[in-house]
Amino acid sequence: MEIDERIISQAIIERYFEKLRNSLDVDVAIVGGGPAGLVAAHDLARAGRSVALYERKLGPGGGMWGGGMLFNEIVLQDAALPLLDDFGIRHRPFSDGHHTADSVEAVAALACKAIHAGATIFNGITAEDVLMRPNRVMGVVLNWTPVEMTGMHVDPLAVHASCVIDATGHDATVVNLVRKKVPGQLLTPSGNLEGEQSMWADRAETLTLENTREAFPGLYVTGMSAIATFGGPRMGPIFGGMLMSGRKVAEMILQTLTSREKVRCQENGAT
Ligand code: 48F
């Protein structure tokens, strides 16, 4: 059978549009495909939730590829090892409580497992805004990254989501978008972003988990975005906090969605 260019094009168009159509109304929209976003996508999809993850760049992985200063190894603490094992990421002990893994293997495994669990990853797409009704985030507004980069005047498309996760790393892009619309109304002590402080790895790793929370109704933060939103130091190339934060945000959202569904069932039963 001769390979046919028209069929190649048709196959790509139809398969891609199938993914787009299936993601118009999802349980969870994740903005950012770094380590935290990828773990969240995997865990939510594995639990049976519909998940779309939007990554601005061509490749997911965020700040993990480059390890520390482009030395492509990452460091992880004891508490992160079960999660690495869950994803099939190999690790080696280095010194008490410090382990290493190959950063490229880690990113590849996270992305592959997230997709195999059922999450859909859209790369080259930027979330440029959120949908709010009026005091709850209920979707994201999307455009091609090259449109954003070239400054072309092109209107975006939007999708609905029961919950949105800001997994955009240091910039906390989605939280910043919301803050601009409703200044002083974030669920942080100041009502605005508390900001990131200088490096303190140990404290930062603890705080990343503590700060993994709802930052505005319908909008959750994970990974570095949790630090930028609720405050704390940066941690450098130790990644256990990022991975465990992704797992924590997924657990929180699963609980929220389940309790909302129970309430809805009770209401329907009562009427
Ligand atoms: O920065 P990133 O890896 O976030 P993370 O999962 O992990 C942080 C660590 O990599 C590292 C660290 C800890 O050791 O300090 O920085 O919290 O990944 C964030 C991803 O979000 C994408 C961005 O391209 C990156 O891949 N992103 C940012 N803004 C948008 C976006 C946006 N508006 N739309 C789509 N993707």
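Please refer to the structure placed before this passage.
Here's what I pulled together on the structure shown here. Computed from a predicted structure; not experimentally measured.

Moving on, we come to the site of the ligand. Inspection of the region around the ligand gives 28 residues, with Glu55, Gly63, Ala127, Met224 and Gly236 positioned closest. Take Gly63: an N or O atom from its main chain is 2.8 Å from an oxygen atom of the ligand. Between the ligand and Thr173, the relevant distance is 3.2 Å, taken from a nitrogen atom to a side-chain nitrogen or oxygen of the residue. In isolation the ligand offers 730 Å² of accessible surface; the protein chains occlude 93% of this area.

What follows covers the nonpolar core. Judged by nonpolar contacts, the single largest core of 47 residues is most densely connected at Ile30, Leu44, Ile165 and Ile253. For this core, the leading source of residues is helix α9 (residues 240-270), giving eight residues. Those residues within four positions of Ile30 in sequence are excluded, and the remaining contacts are Gly37, Ala40, Ala41, Leu44, Val51, Ala52, Leu53, Tyr54, Ile165 and Ala167. Counting 29 residues, the second largest nonpolar core, distinct from the first, contains Val31, Ala161, Ala215 and Leu219.

Bringing the packing of helix α2 (residues 35-46) against helix α4 (residues 103-117) into the picture now. Two quantities define a packed helix pair, namely the angle between the helix axes and the distance between the axes. Packing of α2 against α4 leaves a shortest axis separation of 8 Å and a crossing angle of 25°. Classified by the interaxial angle, the pair formed by α2 and α4 is roughly parallel. Seen along the crossing, α2 lies across α4 with a hand that is left-handed. For the pair α2 and α4, contact is made by Pro35, Leu38, Val39, Ala41, His42, Ala45 and Arg46 and by Leu110, Ala111, Lys113, Ala114 and Ala117, respectively.

So, about the pairing of strand β1 (residues 25-31). Regular strands place side chains that alternate from one sheet face to the opposite one. Among the seven residues that make up β1, six are buried, leaving the element largely enclosed by the rest of the structure. Bridge count for β1 against strand β9 (residues 157-166) is six bridges, and the pairing is parallel. Within β9, the position partnered with Ile30 by the bridge is Ile165. Here β1 pairs with strand β2 (residues 51-55) via four bridges, running parallel. Counterpart to Val31 in the pairing with β2 is Tyr54. Taking the sense of rotation as the criterion, the β-α-β connection linking β1, α2 and β2 turns out right-handed.

The next subject is the packing of aromatic side chains. Summed over the entire model, instances satisfying the criterion amount to four aromatic pairs. Ring geometry for Tyr54 and Phe122: centres 5.3 Å apart, planes at 10°, overall stacked. On the criterion of sequence distance, the pair formed by Tyr54 in strand β2 and Phe122 in strand β6 (residues 120-123) is long-range, its members being 68 residues apart. A network of ring pairs unites the aromatic residues Tyr16, Phe17, Tyr54, Phe122 and Trp144 as a single cluster. The cationic tip of Arg213 hangs over the ring face of Phe230; the distance from NZ or CZ to the ring centre is 4.2 Å.

Here is what the cut-offs are and how they apply
Residues numbered from 1 in each chain as written. Predicted model: local features only at pLDDT ≥ 70, side-chain atom pairs only at ≥ 80, totals over all residues. Heavy atoms only, no water. Near = heavy atom within 4 Å. Polar contact = N/O pair within 3.5 Å; in protein donor to acceptor, adjacent residues only side chain to side chain. Areas by Shrake-Rupley, 256 points an atom, 1.4 Å probe, with all protein chains shown as cover. Core = buried A, V, L, I, M, F, W, Y, C linked by side-chain atoms within 4.5 Å. Buried < 20%, exposed > 50% of the residue type's maximum accessible area, 1.4 Å probe, protein only. Helix = DSSP H or I, 4+ residues; strand = E, 2+ residues; numbered from the N terminus. Contact = heavy atoms within 4.5 Å. Axes fitted to C-alpha atoms, helices over the stretch in contact; angles between N-to-C directions. Parallel < 35°, antiparallel > 145°, perpendicular 65-115°, else oblique. Left-handed = near helix turned anticlockwise from the far one by under 90°. Pairing = 2+ DSSP bridges. Right-handed = clockwise from strand over helix to strand, strands pointing away. Phe/Tyr/Trp six-rings, centres within 6.5 Å; stacked < 30°, edge-to-face > 60°. Lys NZ or Arg CZ within 6 Å of the ring centre and 35° of its normal.

Nothing here speaks to function; it is geometry throughout.
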